[in-house]
Amino acid sequence: MQEDLARAGVDRFREREAKQQPTWPDADALKRATDTLETVPPLVFAGEADVLRGHLAAAGRGEAFVLQGGDCAEIFSEATADRIRNKIKTLLQMAVILTYGASTPVVKIGRMAGQYAKPRSADVETRDGVTLPTYRGDIVNSSEFTEEARVPNPQRLVDAYHVSASTLNLMRAFTTGGFADLRSVHAWNKGFAANPAYKRYDQMASEIDRAVKFMAAAGGDFDGLRTVELFSSHEALLLDYERALTRIDSRSGRPYDTSAHLLWIGERTRQLDGAHVEFLSSVHNPLAVKLGPTSGPEDVKQLAAKLNPENVEGRLTFVARMGADKVRDALPRLVETARDEGLKVTWLTDPMHGNTFTSESGYKTRKFETILDEVKGFFEVHRAAGTIPGGLHIELTGDDVTEVMGGTEEIDDAALARRYETKVDPRLNHGQSLEMAFLVSELLAKAGAEQ
Ligand code: PEP
Ligand code: CO
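Residues numbered from 1 in each chain as written. Chains lettered and ligands numbered in written order. Predicted model: local features only at pLDDT ≥ 70, side-chain atom pairs only at ≥ 80, totals over all residues. Heavy atoms only, no water.

Engineer: What am I meant to see in the packing of aromatic side chains here?
Structural biologist: Each aromatic ring pair is summarised here by two numbers: the centre-to-centre distance and the angle between the ring planes. Using the criterion set out here, one finds 11 aromatic pairs in the structure. On the numbers, 4.9 Å between centres and 15° between planes, the contact of tyrosine 201 with phenylalanine 438 is stacked. Separated by 237 residues along the polypeptide, tyrosine 201 in the loop between helix H7 (182-194) and helix H8 (202-219) and phenylalanine 438 in helix H16 (residues 430-450) bring together distant segments of the chain. You can call phenylalanine 438 buried: its relative accessible area is 1%. (Phe/Tyr/Trp six-rings, centres within 6.5 Å; stacked < 30°, edge-to-face > 60°. Helix = DSSP H or I, 4+ residues; strand = E, 2+ residues; numbered from the N terminus. Buried < 20%, exposed > 50% of the residue type's maximum accessible area, 1.4 Å probe, protein only.)

Here you go:
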């Protein structure tokens, strides 16, 4: 198997520079961990990744809309049934709302079951004169500020696999076991809109209610109402992990990274001659690349040539994360380049990562209204270019945290301290996520009506 993989070129990345990798202190321990991962069962199957590629292709054509969401960084100790259920519930609720506005299927992808590695701006962190390695995500080290916690520990690669497996197990159970029934998901949304604070969404919730009742009446008790597909995704940052979970698909003979259905390359590791682009070019999963405000038309052309040389629909997604103040200036030329070159790409907006700032009281935060503004900018740019806004990439949690300011709850700087839990970036809480879904759904309905 390892020889087949080598023949397939999956090790070419080792000759390239890999940014954002930890310095593992113990090479033997790393080898033991990757040897173990090379023998474990795959987390996802090639056929599932192929199905997702087809859905992403549909989103690129405007025949579906993508909702990709979850934590900035998953935490091992938070992979509990309650928290995973809340996150899935939030995604499913958002998906129903978006389906109504888009009048197309919504492709649901969790930033879940593997989102454990984080890029950081510095290798070390100093507090009160003590300098330790930075926290790079639970797959590498632990966030507490002690020597023991911060030294990169390769056993964590194996732990990440097992926690991902149990998370995926719940994702599969919750989406097929009756929990995801459209009628119950919609009933949760009705509960949300019944809260007087969210009165403004009550009308759309009632419209969805009529549509759901009509569907149930017209179609009877069909399976489509009861089960949903929920795919997994994460940033393919830690190449030791991704390589060790790569397998040759017995049907097609092609390599797939079986750690998740969709893998993405982050803004800091998308160098054309870098190890991340090289590695992901060698696997057959659908891929995404984040594009920040410094990206130019050449990035679009060259990344597409390298990652999708055969211009296959659904293989390549670009996730624009420009910042609300830049999206209207920085995105048009990228979208126009892809359009004019005939590149088959699916465009998503990540309205989170270009809109982070530190509040006066010192919390890393984002504003709900700014996030929404970037989504609006994304729609405007696509409308002007005659291209397709394919979906939304969001950092969220199903819990009632206070990390993002604004929204109907009007979380202000003072309220951030109430329940600020994230170890890395601030996430929309449950209510803010649903509110965002209602507002984006309105934008989608408006865009549809104008066509
Ligand atoms: C992220 O998605 O958490 C992230 C680090 O994003 P980006 O690569 O766009 O900065
Ligand atoms: Co983040």
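On we go.
Engineer: Looking at this model, I keep getting lost on the coordination of the cobalt ion (ligand 2). Mind explaining?
Structural biologist: For a metal bound by four donors in tetrahedral geometry, the ideal donor-metal-donor angle is 109.5 degrees, whereas six donors in octahedral geometry ideally sit at 90 or 180 degrees. Taken together, Cys72 (SG), His353 (NE2), Glu395 (OE) and Asp425 (OD) make up the protein donors of the cobalt ion (ligand 2), found 2.0 to 2.4 Å from the metal. As a motif over one chain, the donors of the cobalt ion (ligand 2) read C-x280-H-x41-E-x29-D. One end of the pair, histidine 353, is in the loop between strand S11 (346-349) and strand S12 (357-358); the other, glutamate 395, is in strand S14 (residues 389-395), and 42 residues separate them in sequence. Residue class for histidine 353 comes out buried when judged on its relative accessible area of 19%. (Donors = N, O, S within 2.8 Å, 3.2 Å for Na, K, Ca; no water.)

Engineer: Can you walk me through the site of ligand 1 in this structure?
Structural biologist: Close contacts around ligand 1 come from Cys72, Arg111, Lys118, Pro119, Trp264, Gly266, Glu267, Lys290, Arg321, His353 and Glu395, and that covers them all. Glutamate 395 places a side-chain nitrogen or oxygen 3.1 Å from an oxygen atom of ligand 1. Taken by itself ligand 1 offers 300 Å² of open surface, and the protein chains cover 97% of this. The residue makeup of the shell around ligand 1, split by class, is three nonpolar, two polar and six charged. (Near = heavy atom within 4 Å. Polar contact = N/O pair within 3.5 Å; in protein donor to acceptor, adjacent residues only side chain to side chain. Areas by Shrake-Rupley, 256 points an atom, 1.4 Å probe, with all protein chains shown as cover. Nonpolar A, V, L, I, M, F, W, Y, C, P; charged D, E, K, R; others polar.)

Engineer: Would you mind showing me how to read the nonpolar core here?
Structural biologist: A general feature of soluble globular proteins is that nonpolar side chains tend to end up buried together. The biggest cluster of nonpolar side chains holds 73 residues, and the ones touching the most others in it are Leu37, Phe65, Ile88, Ile139, Tyr241, Leu428 and Val440. Ranked by the residues each element gives to this core, the list is headed by helix H4 (residues 81-102), at 10 residues. Look past the residues within four positions of valine 440 in its chain and what remains in contact with it is Phe65, Leu98, Val375, Phe379 and Leu392. (Core = buried A, V, L, I, M, F, W, Y, C linked by side-chain atoms within 4.5 Å. Contact = heavy atoms within 4.5 Å.)

Any functional reading would require information that these geometric values do not contain.
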